[in-house]
Each structure stands twice: as structure tokens, then as C-alpha cells.
Amino acid sequence: MATGSTASLLVLLTALTVTLLLAGYISSASHHQVQNAHIVGSFTDTRKLLRQLTVSVNKTRGLEARDHWFWINGKKTRLFSGAMHYFRIPREYWKDRLIKLRSSGCNVLETYVPWNLHEPHRGEYNFKDMLDLRAYVKLAEECGLFVILRPGPYICSEWDLGGLPSWLLSDSEMKLRSTYQPFIKSVESYFQELLPHVTDLQYSNGGGPIIAWQIENEYGSFGDDTDYLLQIQKMMKENGVCELVFTSDNEQGLLNGAVDRVLMTANFQNIELGKEMLQILQEKQPSMPRMCMEFWTGWFDHWGDSKHQVWPLNEFEESLKYTLEEYGNINFYMFHGGTNFAFMNGANEQTENDQLKDGQDYLADVTSYDYDALLTERGDTTPKYHLTVELLSTYKSEVVYLGDCPTRIVTLPAPHQYDDVMLNTGLSMDEVLRSAVSVDIKGNAVTMEMLPVNNGNGQSYGWILYRKTIEKGGKVNVKGQVRDRTLVFLDKKLVTTFDCDTPDFQFELGSAGVLDFLVENMGRANYQTIGQSIIHNQRKGLNNTVTIDDVALSDWSVYSLDFTEDHLNRIKKEKFSRIKKIKASPAIFKGYLKVTSSSSLADTFLDMRGWGKGIVILNGRNLGRYWPVKGPTKTLYVPGVWLSQGDNEFMVFEIEEIPSDRTLKFRKTPVLG
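These figures come from a predicted structure and were not determined experimentally.

Conventions and cut-offs
Residues numbered from 1 in each chain as written. Predicted model: local features only at pLDDT ≥ 70, side-chain atom pairs only at ≥ 80, totals over all residues. Heavy atoms only, no water. Helix = DSSP H or I, 4+ residues; strand = E, 2+ residues; numbered from the N terminus. Contact = heavy atoms within 4.5 Å. Areas by Shrake-Rupley, 256 points an atom, 1.4 Å probe, with all protein chains shown as cover. Pairing = 2+ DSSP bridges. Axes fitted to C-alpha atoms, helices over the stretch in contact; angles between N-to-C directions. Buried < 20%, exposed > 50% of the residue type's maximum accessible area, 1.4 Å probe, protein only. Arc of directions from axis to C-beta. Parallel < 35°, antiparallel > 145°, perpendicular 65-115°, else oblique. Left-handed = near helix turned anticlockwise from the far one by under 90°. Nonpolar A, V, L, I, M, F, W, Y, C, P; charged D, E, K, R; others polar. Phe/Tyr/Trp six-rings, centres within 6.5 Å; stacked < 30°, edge-to-face > 60°. Salt bridge = Lys/Arg side-chain N within 4 Å of Asp/Glu carboxyl O. Expected span 1.5 Å × (residues − 1). Core = buried A, V, L, I, M, F, W, Y, C linked by side-chain atoms within 4.5 Å. Right-handed = clockwise from strand over helix to strand, strands pointing away.

Caption draft 1: How the structure looks around the overall build of the chain. Along the backbone of the chain there are twelve helices and 37 strands. For the chain, contacts bridging at least 24 residues in sequence account for 77% of all contacts bridging at least 6. Only carbon and sulfur atoms are counted for the fraction: they give 48% of the accessible area of the chain, which is about 26600 Å².

Right under this line is the structure:
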């Protein structure tokens, strides 16, 4: 609170504002809140001047890193933070998760910001519903939490292309995460739109919750171009970032990712790596506080893993105790993982000379992002959570909180096992293709990113079908790699299936007919190390020479199956047939779950065992991919808040195996493997 002459000056400023308002010099078009003063008006020079005067008089001291400690508004504090990504959590559950974070003893929320969701097409921005970052930050403030933001532009996070939008790849010369000017210009435009949404919520701007920002993300393991990092830092500052900034890196990149006079932080899980990185931090920044910016509480799963990744509680406890004692500041990554809804999962690749090796070297991440974190995928507390509460409580006197922890006001109903849903109508593949945007491509086929659709932005996610009528059979050779998984049909009959791990794939066709390549984008790789070009080789689909008996095929009809909102609306207009008419996959199946009352709405899990491979759409929302045969995950999380009283529409796009009963089954608990 302001006192003495400060308070008097604030009174004068307020009086001047009221006078100007009455005189009509300031419109009532917008609202801006500054500590101890509410100034209503348009962004005129007068309003800006008053805001600057008020903030300068009533300035709060933001987060500082000095003398081996963090300081907030002049008070020494530890930072106990938890990573929870708003874009992986249904909005209606944000408050529940935030209260659990604050109740654990943490004083900070940390979140990434995904560029690919906020700017799905160049120049088109989305900050609504689950993407309302501003609302998420303000809700954290209500729950007594400070906020650390990691706006990228690259975020890794087991997220498609590390959060970079796929339309960047429509430039055949694109150099991601570099000073390549088309990339830098795209980042500038994005930051100019993104950052002003939240910069007024910084702590130094009158006591908002945001206390720190990260520059890029683990850049040191990717490259060593300091000029690139400096350009990102400059863009952030030019767009209003005024709080402490920092870098974070794993053991591969701690030195490469450093920026002069910027706080370095470490990412690790086990004690051995923690010790190695601690030594580097002590040498490079001896007077700075030490922070583990990503304390990996578990790990993520790939399709094909033998089992769900779990970090045993005793090992977690030992490493957590070490980190609290030796680093003193920690960000739990993840505190709550959530879900990779729709097509947002990332992938990992192992390469030799930028080519996938034979075998399982492309590994797509599963839909669940449970991560064996402190909260489960649906937000339940775990033994790790309760252990963390106990350990953090011993440091309570050394932690500054933004505010009190609110009383629990969100009570989630227990998970429910709903009755089976019979999918009794559907669309054949030909009917599905009627709803797709189609284009004719002269010459060789092109990848989805290069497809002339979506106002020049290409196709981002889903499947892409390439069709060609051939006049004879023979030996087919698909040169190079087709990303990621391809089903080949001749006259609607499945011929073969192959993955991007199998380059120069060959097969035989016995006759002439309509040849289809249905290619699935299973998720773009989100990580690479120095010397690799993995993220630049993430264009998906058929971009290869296809020959029959050494004669190249050209001129393709291409269908975009991206399952966006527009695409789903077109699908709904198709006439669904009785299920008996659909004899083979790929196909869409539809059925309804009837919920009799709002009190019956609860989280549940779809048990996809018996199905082959595909996605599930609930009331127009893409729940994500399933592939139970591959595993380890067998279920899909269904948030209860996405159900409604009455009929709930389920659509399944199945590309491989149709169960005989064509039924969706529910269960109360997930099967993660």
C-alpha cells in the first residue's frame, strides 16, 4: 500500500483522471488496473502518461536473483513451482489443479505457451476457451500463485514440432530456431500479438502474478548461436517484458544455451546429473541462486513402449531431497501433465546422417501425458504429491506467497463407468472423402505442409490421401521415406502397410486400378541435438518418387483429412448409413451416449481394446489418438465437463481394425500400460 506523500500523489492522479473523464478527454473503451488506482479509458497519450506516473510512484520490485537467493519485492524467498499447461487441461478444471498446486506448498505456477495453437494459420490468432492464457494467469493470481511464463517460440514439451506452427514448413528453405529472417519475422509478428495479452499482469506493473520469463527453451542442446537468443530476448523486451528472464538447459546444453548476464537454470532428474550441472552453475554464476527449472517427476510414453514410464517413489524422494537441499529452488516438471488432445503429441527420432535407421527409430508420443506426475491425468493426487507436501512444509518460513490458498471450492465427482455405446451408423471411406478438401497436384506428390489449402497455410495435422489411377500392375518402389505411417489400397482393398522407419519400400500390385496412399501424420518430432536436422525433416506425407516397374507416377488427386472444426462440420452434413453397409475400414462410426441428468456428468475413460487405430471425436472435440495393439496406453481420457445432459455424440475414425460389436466401452480408471 502507498503511504504518506505517495498516497497523496495517487489521490491527485485519481482526481485528475476523473476530471479528464468528465471532460470527455478519455473514452471508456477499455479498462486497465494498476495497484491502488483504476483508470478507465482508451489508449490515449493522457492515459499512458497517467499509467506511467501511477506505476512509477507505486512501483513494486519484481523478482531479483542475487546473493545466492531470489528476492521478491525485497523479500528473500525460495521458488517452489509446478508445471501445468493450460492447453492440456479442460478450462473448467483449471481452478481445481491450481488449488492443488498452491495447497502443496508451491508458490509459483509455470506454463509453456504453444505457438502452433495460438496462431494455427499465419496471422490468425486464438486465445479463446482452453487457450485463454490471460484468464489462466489471472486465475493463478486468485489462487495465491506467482507465474513463470515460457513463451518459446520453441517449447519442446513432447508437443508437435515443439510448439512451432507447421505452416512455417511451407517455406522449403525454412531454418527453424535460427536467425533466418522469415523465421525471425514470423516470431516477431507472433510476439507482438501474444505478449501484450499478459505483460500488464507482470509483478513490476503493479503487483500482477508474472515474475519471470524464459528465453527460448533448452536451446543449448540444439545450437550455439547466441545472436539468435539475443534476438528473442530483444523481441520480448520490445513487447513489454520487464521481469527477470532466464535460460534453462539440460546437461547437453547448459553452456551453449547461456546468455550474458542472464540467469542460467538446470533441467535434470537424477542426482548424478544434478551434481554435474551444479558445478557448472557454481563456476559460471557463483553469486546467483540455483534452480532446477525442470525437475522431471516422471517421463512420457511412446507408442510401442513395453510399459508406462514410472519413476519409483523412493527414487523420486531421494532426488527431490537432494534438489531442495543443494539447489533450493525447483520447478516440478510435470506437476500435472494432462492430455495431448487431438493431434498435438510430439515424437522422438534417432537418426544417422539425418536418415531414420532401420527399426523403431521414429517414436510418436501417446495421447496421455500422465507423466507419472504428482497429479494424475485427470487431476487426482498421488503418493508423490503427498510426499512433496510433507517435504516442502519444512521450508514454509522461507517461501513468499502472492496470496493465501483459497478454500477448496471445486469438488470433482468420482469417475464413472457409463453404459456401452453402440456405434450403429457410419460413413465409408468414399463418403468420408466427400467431406475432405481435395486438390489435383501436377507432377510428384507434395507433403501436407506444401498442399495449396487453408489460404496457403497447408495442412497441419491428420491424414492425407494420394490417389492415382494406374493402367497396369507391377513392382512399386516408393523412394526415400514417407512420413509417418502409410496404408496402401488398390480399388479400396488394403494391399500393405509401412512406416517411415522403412525407406525405399517396395511391394507388388497384381493389376490396374485406383491406387491410394493414406498417410498419417503421427506427430512431428519435438527435439534434436546439435548436428542433427530432425526438426527440419518433419514435413508429412508423400514427397517421394513412386515408380511402377521403374516408370514414375505423376499427377495425383490429394485429399486433406485434417478433422478441424470446419472439416467436422462438413462430415456432419454427410448422410450416415446403417452400420451393416460398411464392410471395411477406413471408416467413420457414430453413436450416442445418453446422460440422464447433469449430476451424472463425470470423468471417464474409453477402453479402446478391440479397436485398431484412429481417433475419437466427442461432441465435436477430438479426444486424441488410440492404438491399443501398439500400446502401452489402452484408454482415452474423457473429461466429464465435455459431456452434457442428453445425447452425446461419439464419432470414431478407424483406419485398421473394426471390432465385431462396434461398441465403445467405458471404465473408471485408465489403462496406461
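After that view, the rundown keeps rolling.
Caption draft 2: The sheet that holds strand β4 (residues 69–72), seen in detail. Ordered in space as β3-β4-β5, the three strands form an open sheet in which the pairing is antiparallel. Where the open sheet ends on each side, the last strands, each with one partner, are β3 (63–66) and β5 (75–77). Neighbouring strand axes in the sheet, compared pairwise and without regard to direction, differ in orientation by 35° on average. Relative to β5, β4 runs antiparallel, the two sharing three bridges.

Caption draft 3: Main features of helix α5 (residues 133–142). Taken together, the buried positions of α5 are occupied by Leu133, Tyr136, Val137, Leu139 and Ala140. For α5, the angular spread of the buried residues around the axis is 160°, confining them to a single face. Looking at the buried positions of α5, the neighbouring elements they touch are β6 (80–84), α3 (94–103), β7 (108–112), β8 (146–150), α6 (181–194) and β9 (210–214). Immediately beyond the C-terminal end of α5, within one or two residues, lies Gly144, with a positive phi of roughly 80°.

Caption draft 4: Looking closely at the packing of helix α8 (residues 271–284) against helix α9 (residues 313–326). The contact between α8 and α9 brings their axes to 10 Å, and the two run at 20°. Taken together, the axes of α8 and α9 lie roughly parallel to each other. Crossing of α8 against α9: the hand is right-handed. Only Glu318, Ser319, Tyr322 and Glu326 of α9 make contact with α8, whose side of the interface consists of Ile271, Gly274, Lys275 and Leu278. Residues that form the contact of α8 with α9 fall into these classes: three nonpolar, two polar and three charged.

Caption draft 5: Representation of the packing of α6 against helix α7 (residues 226–238). At a closest axis distance of 10 Å, the pairing of α6 and α7 adopts a crossing angle of 25°. When the axes of α6 and α7 are compared, the pair comes out roughly parallel. The way α6 lies across α7 gives a crossing that is right-handed. Across the interface between the two elements, Phe183, Ile184, Val187, Glu188 and Phe191 of α6 pack against Tyr228, Gln231, Ile232, Met235 and Met236 of α7. A breakdown of the residues in the contact of α6 with α7 according to their chemical character gives eight nonpolar, one polar and one charged.

Caption draft 6: Region of interest: the sheet that holds β7. In space, the eight strands of this closed barrel follow the order β6-β7-β8-β9-β10-β11-β12-β13, with parallel pairing throughout. Averaged over neighbouring strand pairs, the angle between their axes works out to 30° when direction is ignored. Here strand β10 (residues 244–249) runs beside strand β11 (residues 263–268); their pairing, made up of four bridges, is parallel. Paired with Thr247 across the two strands is Met264, which belongs to β11.

Caption draft 7: Geometry of the packing of aromatic side chains. Under the definition given, this model contains 42 aromatic pairs. Seen from their ring centres, Trp115 and Phe183 are 6.2 Å apart, and the 55° between their planes marks the pair as tilted. Residue Trp115 is located in helix α4 (residues 115–118), and its partner Phe183 is located in helix α6; the two are separated by 68 residues in the primary sequence. Of the two residues, Trp115 and Phe183, neither departs from the other in class, the shared state being buried. Where Trp463 meets Phe563, the ring centres are 5.9 Å apart and the plane angle is 80°; that geometry is what we call edge-to-face. Note that Trp463 is positioned in strand β21 (residues 462–470) and Phe563 in the loop between β29 (556–561) and α12 (565–573), a separation of 100 residues in sequence.

Caption draft 8: Summary view of the pattern of salt bridges. The full count for this structure, using the stated rule, is 35 salt bridges. In this structure, the salt-bridge partner of Asp200 is Arg134, at a minimum N-O distance of 2.8 Å. With Asp200 in the loop between α6 and β9 and Arg134 in helix α5, the pair connects residues that are 66 residues apart, well separated along the chain. By relative accessible area, which is 28% here, Arg134 ends up partly exposed. A salt bridge links Asp160 to Arg524; the nearest nitrogen and oxygen atoms lie 2.9 Å apart. With a gap of 364 residues between them, Asp160 in the loop between β8 and α6 and Arg524 in the loop between β26 (513–521) and β27 (546–548) connect regions that are remote in the sequence. The same class applies to Asp160 and to Arg524, which are both buried. Each of Arg61, Glu64, Arg66 and Asp67 takes part in one network of salt bridges that share partners.

Caption draft 9: Spotlight on α6. The end-to-end C-alpha separation of α6 is 20 Å, in line with the 20 Å expected for 14 residues at 1.5 Å each. Regarding α6, the residues found buried are Phe183, Ile184, Ser186, Val187, Tyr190, Phe191 and Leu194. Looking down the long axis of α6, one finds its buried residues gathered within 160° of arc, a one-sided arrangement. Where α6 is buried, its residues contact α4, α5 and α7.

Caption draft 10: Inspection of the pairing of strand β23 (residues 485–490) at higher detail. A large share of β23 lies buried, amounting to six of its six residues. Taking every second residue as pointing to the same face, both faces of β23 are buried, with Arg485, Leu487 and Phe489 on one and Thr486, Val488 and Leu490 on the other. Note that β23 and strand β24 (residues 493–499) share six bridges and pair antiparallel. From the neighbouring strand, Leu487 faces β24, where its bridge partner is Thr497.

Caption draft 11: Structural context of the side chain of His536. Looking at where His536 falls in the secondary structure, it is placed in the loop between β26 and β27. What His536 contacts, discounting residues up to four positions off in sequence, is Met174, Lys175, Leu176, Phe222 and Gln528.

Caption draft 12: Quick look at the nonpolar core. Phe332, Phe563 and Leu606 are the most contacted members of the largest nonpolar core, which has 155 residues in total. Element by element, the count of residues in this core is highest for α6, at six residues. When residues no more than four places from it in sequence are discounted, the contact partners of Leu606 are Val616, Leu623, Lys634, Thr635, Leu636, Val638, Phe650, Leu664, Lys665 and Phe666. Of all hydrophobic cores here, the second largest spans 27 residues; its members include Val439, Ile470, Phe517 and Val558.

Caption draft 13: Layout of the environment of Lys575. Relative to the elements of secondary structure, Lys575 occurs in the loop between α12 and β30 (577–578). Here Lys575 falls in the exposed class, since its relative accessible area comes to 70%. Residues Lys575 and Leu427 lie 148 residues apart in sequence; the distance between their C-alpha atoms is 7.7 Å. Apart from the residues within four sequence positions on either side, Lys575 is in contact with Leu427 and Glu431.

Caption draft 14: Representation of the pairing of β11. Among the six residues of β11, six are classified as buried, and the element is accordingly described as predominantly covered. As defined by bridge partners, β11 adjoins strand β12 (residues 290–296) across three bridges and the pair is classed as parallel. The residue bridging Phe268 from the neighbouring strand is Phe295, located in β12. Handedness of the β11-α8-β12 crossover: right-handed.

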